[in-house]
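Each chain, written out:
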Amino acid sequence: MLEAAATSFASILVLGVGFTLAAFAYHKSYKYFVLQKMNNAFEPGDPVLELAAIGKSIPKFSKTAAATHWIQRPEQAAVDAIVAGEEAGHYHLFIGEKGTGKSSMLLEAMRKIDGDGCAMLEAHSDLEIFRIRLGKALDYEFHEDYMGSYFSERGPRDTTALLDIERALNKLEKVALKRRRRDGKPLVLIINQMHLIRDDEDGKDLIELLQQRAEQWAAANLVTMVFNSDEYWIYERLKQLSTRMSVLAVLDLPKQQATAALKNYRQRYFKEKPSDKMLEQIYDLVGGRLSFLNRVAKSEDMLKTCNDIIEVEKTWFLNQCWILGKEMDDDVMDQQKWASAAVVLATALVDKEAEMEKTYDAEHGHVLPSFPLHEAQQIMTRADFIRQLDRLNLFSITSRAQVRASSVPMHLAFQQIVAQPGFRQHLQETIDRIAAIESLGRTRELVAKDLVFGGRYKIRKVPKEVDGGPGGFDVTLKEGKGWSANNSSTADIDEEEKA
């Protein structure tokens, strides 16, 4: 009996120790492979580059083919140094209007080093989707494939998306420390389209978390974080806590560079040589915005495409901000406040051109009129509208807090709208109608029922010396025909019931 018990105890002990050692070995090996997978995410080759190459229909590693699809921007050298890890000690914010080529510059810089030591992801308004995209970029599964979760009441995945992002950044820090010892340069993490993050409490928490890591890693030269945004509010949010942030403003191409790139593209792919007059007309219509130049360069009729772009911008502005005039209903007053403020600012920008010394430079091209942000808010008489207009790409707030039209075609659309016959009168009638509705909302109607029943008031001024009082006015009710102090209230009720 004792021998059987000892045998059973020894068997249970061996099985328990065996399972414990196996579980410990699995746990350690899992943590090792998590770090190894994340380290592999920063090895040469990146899915982002493959997708970009497919989108442009060029071989992934063909430098000559990529060069034919690329316009070399003045900022490209600085971006190359940042992405290659040569620019340490700071984290960076790229800010500029949509379509200026910020993402293209980053992809080009990644292509030159084949993505070595670099990872890139697209931001999203939903934190769960942001978490998944961060995990894909870092090759991190957030313990979703950890089998130990089956044997515990609460697994490591039972948490919020923000905590998952914090855990992923903790793992990234460990990987960055190892690679720093090996390569002697920081890793680079690029977060594109930061403006897609919601401007609410969750979005602010996410931005604060990312900025804290960026500050810490920049000081230690571990990871260089690059934030890319189209909108000014991201800069406002980051500036509050920034000490090591570097801002790179990406603007439209200068005139000479834009026309030269357009000319080379047409010669290479259309076998035609546009005249200098034609190129200048195109630049006058669409400016140096890369997204517009790309569309124009690929079209058969370039001038028609330019006019179509201006018409699209004009339609977009009118659909969002057109004013309804003096006949508008009071139910749409809140929307019309917003719309009239936008139209007033657009009119002020057009009017400012007459005050400027020059609106066009022979070398750099367009000089769009602008106002400082605080002056633009004063013109609109509202401080809370301009950032929403920036999100809609109607106006643009630059990194120097200057407010102007979002693009050259949009400013030309402003000019066409303001030049319409009767526009300024229509705008003034709308403003007057809004003021009238607001005044009506602040007005209260008082009815003196004594007068309704034939009564009269006698009002006289009382001097200050009478009765030693302060003076003022004395009101005396004089009874009229059909009025009675005893039945006034009941008469009111009876009349109302009869009605």
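Conventions we followed
Residues numbered from 1 in each chain as written. Predicted model: local features only at pLDDT ≥ 70, side-chain atom pairs only at ≥ 80, totals over all residues. Heavy atoms only, no water. Pairing = 2+ DSSP bridges. Helix = DSSP H or I, 4+ residues; strand = E, 2+ residues; numbered from the N terminus. Axes fitted to C-alpha atoms, helices over the stretch in contact; angles between N-to-C directions. Contact = heavy atoms within 4.5 Å. Phe/Tyr/Trp six-rings, centres within 6.5 Å; stacked < 30°, edge-to-face > 60°. Buried < 20%, exposed > 50% of the residue type's maximum accessible area, 1.4 Å probe, protein only. Polar contact = N/O pair within 3.5 Å; in protein donor to acceptor, adjacent residues only side chain to side chain. Core = buried A, V, L, I, M, F, W, Y, C linked by side-chain atoms within 4.5 Å. Expected span 1.5 Å × (residues − 1).

Even after reading the chapter, I still don't get the sheet that holds strand β2 (residues 118-122), so can you show me in this structure?
Pairing is parallel across the open sheet formed by 5 strands, whose spatial order is β2-β3-β4-β1-β5. The outermost strands of the open sheet, each flanked by one partner alone, are β2 and β5 (245-249). Adjacent strand axes in the sheet meet at a mean angle of 15° when their direction is disregarded. The pairing of strand β1 (residues 91-95) with β5 spans 5 bridges and is classified as parallel. Looking at β5, one finds that H92 is bridged to S246. Helix-sheet contacts for helix α5 (residues 102-112) involve β1, β2, β3 (187-192) and β4 (223-229), and the interaxial angle to β4 is about 150°.

Would you take a moment to explain the packing of aromatic side chains for this structure?
Each pair of aromatic rings is reported with the distance of its centres and the angle of its planes. Using the criterion set out here, one finds 6 aromatic pairs in the structure. Centre to centre, the rings of F317 and F414 are 4.9 Å apart; their planes meet at 65°, and the pair counts as edge-to-face. Residue F317 is found in helix α13 (residues 302-321), and its partner F414 is found in helix α17 (residues 408-418); the two are separated by 97 residues along the sequence. Like F414, F317 is buried. With centroids separated by 5.3 Å and ring planes inclined at 35°, the aromatic side chains of F395 and F414 adopt a geometry described as tilted.

Sorry, what's going on with the side chain of R73 here?
Considering the arrangement of structural elements, one finds R73 in the loop between α3 (63-68) and α4 (76-83). One polar contact links the side chain of R73 to the main-chain carbonyl oxygen of T100, over a distance of 2.9 Å. Within the structure, the side chain of R73 is placed 2.5 Å from the backbone oxygen of L251, a separation counted as a polar contact. With sequence-adjacent residues up to four places away left out, R73 is seen in contact with T100, M105, V250, L251, D252, L253, Q257 and L290.

Where do I start with the sheet that holds strand β9 (residues 395-397) in this structure?
Pairing between the strands of a sheet is mediated by backbone hydrogen bonds and can be parallel or antiparallel. Taken in spatial order, the 3 strands line up as β8-β10-β9 in an open sheet, and their pairing is antiparallel. The strands lining the two open edges of the sheet, one partner per strand, are β8 (371-372) and β9. Both β9 and strand β10 (residues 402-405) contribute to a ladder of 3 bridges, which runs antiparallel. Bridge pairing in β10 places I397 opposite V403.

Please clarify how the nonpolar core should be interpreted in this entry.
Nonpolar side chains in soluble globular proteins tend to be buried together. Formed by 81 residues in total, the largest nonpolar core has its most connected members in M225, F227, F317 and F395. Sequence-distant contacts of M225, defined by excluding residues within four places in its chain, comprise Y91, H92, L189, I191, L210, R213, A214 and W217.

Would you explain helix α7 (residues 161-183) in this entry?
An α-helical turn contains 3.6 residues, so any two residues separated by three or four positions project in the same direction. Its 23 residues give α7 an end-to-end C-alpha distance of 32 Å, which sits within 8% of 33 Å, the value for a rise of 1.5 Å per residue. If you check which residues of α7 are buried, you get A161, D164, I165, A168, L169, K171, L172, V175, A176 and R179. One or two steps after α7, the chain reaches G184, where phi turns positive at roughly 75°.

Function cannot be read off these values alone, since they describe shape.
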